[in-house]
There are 2 protein chains.
Amino acid sequence: MTRPTASIVTVGSELTEGLRLDTNTREIAFALSTSGYHVLETASVGDHTEILADVLARLSARDALVVVTGGLGPTHDDITREAASQALRRPLLRAPELVELLLPATRRHSDERAMEQVLRQAELLEGADVILPVTGTAPGQFVATPAGLLVLLPGPPAEMRPMLSRLVTDIAPGPSRASVRELGCVGLTESDAQVRATAALSAHPGVAFTVLASPGDVHILLLDDGAGERALDAAAEAVTVALGARIYSTDGSTLAEAVVRSAIERGITLGLAESCTGGLVAARLTDVPGSSATFLGGVVAYSNGAKFALLGVSTETLARHGAVSAETAEEMAAGARTALGADIAVAVTGVAGPSGGSPDKPVGLVWFGLATASGTTSFSRGIPGDRAAVRIRAASTALDTLRREVLGL
Amino acid sequence: MTRPTASIVTVGSELTEGLRLDTNTREIAFALSTSGYHVLETASVGDHTEILADVLARLSARDALVVVTGGLGPTHDDITREAASQALRRPLLRAPELVELLLPATRRHSDERAMEQVLRQAELLEGADVILPVTGTAPGQFVATPAGLLVLLPGPPAEMRPMLSRLVTDIAPGPSRASVRELGCVGLTESDAQVRATAALSAHPGVAFTVLASPGDVHILLLDDGAGERALDAAAEAVTVALGARIYSTDGSTLAEAVVRSAIERGITLGLAESCTGGLVAARLTDVPGSSATFLGGVVAYSNGAKFALLGVSTETLARHGAVSAETAEEMAAGARTALGADIAVAVTGVAGPSGGSPDKPVGLVWFGLATASGTTSFSRGIPGDRAAVRIRAASTALDTLRREVLGL
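Residues numbered from 1 in each chain as written. Chains lettered and ligands numbered in written order. Predicted model: local features only at pLDDT ≥ 70, side-chain atom pairs only at ≥ 80, totals over all residues. Heavy atoms only, no water.

## Concerning the overall build of chain A
Okay, so step 1: In terms of regular secondary structure, chain A is built from 15 helices and 17 strands.
Okay, so step 2: In summary, chain A has a C-alpha radius of gyration of 28 Å against a globular reference of 22 Å for 409 residues, an excess of more than 25%.
Okay, so step 3: The principal-axis extents of the C-alpha atoms in chain A amount to approximately 85 × 55 × 40 Å.
Okay, so step 4: Considering chain A as a whole, with its 409 residues, one finds that 55% of them fall into the buried category.
Okay, so step 5: A sequence separation of at least 24 residues applies to 66% of the contacts in chain A between residues at least 6 apart. (Helix = DSSP H or I, 4+ residues; strand = E, 2+ residues; numbered from the N terminus. Rg over C-alpha atoms; globule rule 2.2 N^0.38 Å. Buried < 20%, exposed > 50% of the residue type's maximum accessible area, 1.4 Å probe, protein only. Contact = heavy atoms within 4.5 Å.)

## Considerations on the pattern of salt bridges
All names here are of chain A.
Okay, so step 1: Enumeration according to the criterion identifies 31 salt bridges over all chains in this entry.
Okay, so step 2: Its salt-bridge partner being Glu123, residue Arg94 comes within 4.0 Å of it at the nearest N-O pair. Pair noted here: Arg94 is in strand 4 (residues 92-94) and Glu123 is in strand 5 (residues 123-125), with a separation of 29 residues, a long-range link.
Okay, so step 3: By relative accessible area, Arg94 is classed as partly exposed at 37%. (Salt bridge = Lys/Arg side-chain N within 4 Å of Asp/Glu carboxyl O.)

## What about the sheet that holds strand 7 (residues 140-144) of chain B?
Okay, so step 1: With mixed pairing, the 12 strands of this open sheet are ordered in space as 6(A)-7(A)-8(A)-3(A)-1(A)-2(A)-2(B)-1(B)-3(B)-8(B)-7(B)-6(B). Because the sheet does not close on itself, it has two edges, and the strands there are strand 6 (129-131) of chain A together with strand 6 (129-131) of chain B. The average angle at which neighbouring strand axes cross in this sheet is 15 degrees, direction not considered.
Okay, so step 2: Where strand 1 (residues 5-11) of chain A lies against strand 2 (residues 38-45) of chain A, 7 bridges are found, and the strand directions are parallel. Residue Val11 of chain A lies in a different strand from strand 2 of chain A, and its bridge partner there is Val45 of chain A. (Pairing = 2+ DSSP bridges. Axes fitted to C-alpha atoms, helices over the stretch in contact; angles between N-to-C directions.)

## What about the confidence of the model for chain A?
Okay, so step 1: Mean pLDDT over chain A: 92, with 98% of residues reaching 70 or higher.
Okay, so step 2: For this predicted complex, the interface confidence score (ipTM) comes to 0.79, while the overall pTM stands at 0.79. (pLDDT = per-residue confidence, 0-100.)

## Comments concerning empty space enclosed by the protein
Vacant regions in the atomic arrangement are exposed by a probe of water-molecule size rolled over the atoms.
Okay, so step 1: Scanning the entire structure with this criterion turns up 2 cavities of 30 Å³ or more.
Okay, so step 2: Put simply, the largest cavity is a space of about 210 Å³.
Okay, so step 3: Surrounding the largest cavity, 19 residues form its lining, Asp22 and Thr25 of chain A together with Asp22, Thr25 and Ser44 of chain B being those nearest its centre.
Okay, so step 4: Broken down by secondary-structure element, the contributors of at least two residues to the lining of the largest cavity are helix 2 (24-33) and strand 2 of chain A together with helix 2 (24-33) and strand 2 (38-45) of chain B.
Okay, so step 5: Here the residues of the lining of the largest cavity sort into 6 nonpolar, 7 polar and 6 charged.
Okay, so step 6: Approximately 30 Å³ is the volume attributed to the second largest cavity.
Okay, so step 7: Forming the boundary of the second largest cavity are Leu72, Arg81, Leu98, Gln121, Glu123, Leu124, Pro139, Gly140 and Gln141 of chain B. (1 Å grid on protein atoms, 1.4 Å probe; cavity = no way out; pocket = protein on both sides within 12 Å on 5 of 7 lines; lining within 4 Å. Points joined across faces, edges and corners; volume = space filled by probe spheres on them. Nonpolar A, V, L, I, M, F, W, Y, C, P; charged D, E, K, R; others polar.)

## Observations concerning the interface of chain A and chain B
Okay, so step 1: Facing 68 residues of chain A, the contacting portion of chain B comprises 74 residues.
Okay, so step 2: Between chain A and chain B the total buried area reaches about 5600 Å² when both faces are included, carbon and sulfur atoms providing 58% of it.
Okay, so step 3: Of all residues in chain A, Leu19, Tyr302 and Leu310 of chain A give up the largest surface area on contact with chain B, accounting jointly for 10% of the area buried on that side.
Okay, so step 4: Here chain A is connected to chain B by 1 salt bridge.
Okay, so step 5: Two residues, Arg391 of chain B and Asp287 of chain A, come together in a salt bridge whose shortest N-O distance is 4.0 Å.
Okay, so step 6: At the boundary of chain A and chain B, one finds 31 residue pairs in polar contact (both at pLDDT 80 or more).
Okay, so step 7: Relative to strand 14 (residues 295-301) of chain B, strand 14 (residues 295-301) of chain A is paired through 5 bridges, and the arrangement is antiparallel. (Buried area = accessible area lost by both parts, 1.4 Å probe. Polar contact = N/O pair within 3.5 Å; in protein donor to acceptor, adjacent residues only side chain to side chain.)

## Some points on the nonpolar core
Okay, so step 1: By size, the foremost hydrophobic cluster in this structure holds 72 residues, and its most contacted members are Leu270 of chain A together with Leu270 of chain B.
Okay, so step 2: Not counting residues up to four positions away in its chain, the partners in contact with Leu270 of chain A are Val259, Ala263, Thr294, Phe295, Leu296, Gly297, Ala342, Ile344, Leu402 and Val406 of chain A.
Okay, so step 3: Of all hydrophobic cores here, the second largest spans 34 residues; its members include Ala306 and Ala336 of chain A together with Ala336 and Ala371 of chain B. (Core = buried A, V, L, I, M, F, W, Y, C linked by side-chain atoms within 4.5 Å.)

## Some words on the sheet that holds strand 11 (residues 217-224) of chain A
Residue and element names in this part refer to chain A.
Okay, so step 1: One open sheet accounts for 4 strands, arranged 10-11-9-12; its pairing is antiparallel. Two strands bound the open sheet, and with one partner strand each, they are strand 10 (207-214) and strand 12 (247-249). Ignoring strand direction, the axes of neighbouring strands in this sheet form an average angle of 30 degrees.
Okay, so step 2: In terms of strand pairing, strand 9 (residues 180-185) meets strand 12 through 2 bridges, oriented antiparallel.

## Looking at the layout of surface pockets
Residue and element names in this part refer to chain B.
Okay, so step 1: The volume enclosed by the second largest pocket comes to roughly 730 Å³.
Okay, so step 2: Val186, Gly187, Leu188, Thr189 and Thr397 are the residues nearest the centre of the second largest pocket, which is lined by 27 residues in total.
Okay, so step 3: Secondary structure elements with two or more residues in the lining of the second largest pocket: helix 8 (190-201), strand 10 (207-214), strand 11 (217-224), strand 17 (375-382) and helix 15 (387-407).
Okay, so step 4: For the lining of the second largest pocket, the element with the most residues is helix 15, which contributes 7 residues.
Okay, so step 5: For the lining of the second largest pocket, the class distribution of residues is 11 nonpolar, 8 polar and 8 charged.

## Let's talk about the pairing of strand 10 of chain A
All names here are of chain A.
Okay, so step 1: In the sheet, strand 10 pairs with strand 11 via 8 bridges, with the strands oriented antiparallel. When the sheet's bridge partners are listed, Val211 is paired in strand 11 with Ile220.
Okay, so step 2: From the end of strand 10 to the start of strand 11, which pair antiparallel, there are 2 residues, and Gly216 there has a positive phi angle of about 80 degrees.

## Digging into the environment of Ser380 of chain B
All names here are of chain B.
Okay, so step 1: If you trace the backbone, Ser380 turns up in strand 17.
Okay, so step 2: Looking at Ser380, the relative accessible area reads 30%, which means it is partly exposed.
Okay, so step 3: In the structure, Ser380 is positioned 13 residues away from Trp367 in sequence and 4.3 Å away in space, judged by C-alpha atoms.
Okay, so step 4: Once residues within four sequence positions are removed from consideration, Ser380 is found in contact with Leu365, Val366 and Trp367.

## A look at the packing of aromatic side chains
Okay, so step 1: In the structure shown here, the tally under the stated rule is 4 aromatic pairs over all chains.
Okay, so step 2: With a centroid separation of 5.7 Å and 50 degrees between ring planes, the pair formed by Phe295 of chain A and Tyr302 of chain B is classed as tilted. Here Phe295 of chain A is found in strand 14, whereas its partner Tyr302 of chain B is found in the loop between strand 14 and helix 12 (304-311) on a different chain. Neither Phe295 of chain A nor Tyr302 of chain B differs from the other in exposure class; each is buried.
Okay, so step 3: Between Phe368 of chain A and Phe379 of chain A, the aromatic rings sit 5.0 Å apart at their centres with planes inclined by 15 degrees, giving stacked as the arrangement. Pair noted here: Phe368 of chain A is in strand 16 (residues 365-372) and Phe379 of chain A is in strand 17 (residues 375-382), with a separation of 11 residues, a long-range link.
Okay, so step 4: Exposure remark for Phe368 of chain A: the relative accessible area of 0% places this residue in the buried category. (Phe/Tyr/Trp six-rings, centres within 6.5 Å; stacked < 30°, edge-to-face > 60°.)

Set out below in structure tokens:
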């Protein structure tokens, strides 16, 4: 199956000058992709009629659907109608029904120039149909192009959204609602995930995949490329088998959500002792609604004094082995477990950098402690990256340690 | 003055399919605009070599600077090098110095295919210069084009940023650093900031401004629109006077950085007791390198048991007033201050939602406690938004409370 192609254009110099983050493109791209369109490219163009007209002419000649947002308002910066008119060689005509719709808005203005500006929004490309606004004043419109349809929507998300919804349900619904399976993995690199998924999917034609990685988190997205729902499930199963316990979710939930859900299911309570992650692990757990049913609390023991006073790490251990050591990590975990009365506690202590490293204990060295009813254990990791990356990856390892202990993996 | 033109291309099907929000474009656009470039358009292209090659050929023929991010990794989806090679008709050559740089990364892999994948990142366009990675493994590169320069940067923001910084300072600095003053504010809404800045700037022609807001943080950017440096300073001063103690920085530093710097300067130590923010305040403080010189630690007292055991909040207070109350907030702050031996401690306890609200204590109600050598105080806020927004805004208020206490505001 070849999917119809689409493209998205957002208009406004505030986007090309980096003064505003464009969130419309992602929303529209997701709506079109899941409706079965193949979005080939997206663009943002400043307030330059000629450049926008060129972009629209090029995309309209190729793609079955071109969706434009922004530049439909009343001011001189609002160039989208003119650019579309040039691109498609269709004149702009003032639509009587839109003039009527906009009259209340013109009455807010005293001078004729401002009233005339408001009425620019009543201009339709010859042959276009109106998409009536639910909110705001700027109407949308759509018109035939050499390759399909050009759609103009207003830029404010609250005005754009209801029109986008009409677009993918009524006006240009797309061939199918595409299926996606999302697998969350932890404890392997992006290229590891790529290699393993490629191998696991070699026997699953018609399933495409992409790997999305951020520090401490890898997601494998399986996309239906013609194989159908059941084949997609089989492919997800194959990848899950290949990656084993590294897969923490198959439903789009986060690692922290997986930890919270499995701990609640098993009636296990959790505690934390954090040094180099400085509260990041606790923040990720408590980001999950309902986490209070399993997470009792944690100690951010940034100073040695806090490790001693709040977690009972002995001054001798700190003096002899240092704050970044197996011994300190285990005493931190045991201390948090006792102080909080938790079933399981994990401790993190390491050198996040940029300073504080030594030949013995370089930046990136992180010790993890685990305390349970059966005792304490520890392990270390050498984590690559800058301060932020070391902290995020160490937090993911701590969450994964909780998950594996809860699930008995 | 005609500014040199620029364009930005981000690569990846996760962007055109709407699976990820592109934040690189805004960052790069801002850096280029403020360096004196005129960014005409930006584009995102999926993992299609031909389409990307077409886009790069078109932009490279027109713009003095074309910056591409993403698609430089090791996997088969990483097509940027090949597309640039086609667009500019320059072959790809394996650079020996990059092979050497990447060898440690190949050793993590056992099979030859994964090792070979890693080494794809050693490929340079003929005639290109390398931009060495500070973090991660993917090197950047830049090469001459018909109209100027094509620059390839890795997609992960942490890897892209240091290279972008080198780009606008050394490699292609742009004709002028357009002047910008950035004022960080806390404790007011985006539209408040808009209204107050408009009033403050009415007597400052030639200075444009824009307000960038995210939950718990508002930035006012003043842009030189012909007025010159001294007028820009005067305008910044006028806005600072109008907003007073709400301005926490005038040099682009974050609220947490402002807290850490001012506390270190004054030799004041800080402690925390967090309930609904669950470690977010500690995570933001410890994100600042060197924060260990002032931040001793904190307690994430998510359960009532933890508030009692670690902070000494009395069971009577919890029973009579509840966990979300002035009394509990003050006892939490006092308990943290004592346990940690800190000069100042702030406590946060509230209803983040989505559940847990009551007519008496609705979702969004947050109590803050402050303990210092002179005693304890408390105040509450009704914070709008969903769970994530309530937590982030409450964390900002806690940081602002520390800042004001440290500075005596």
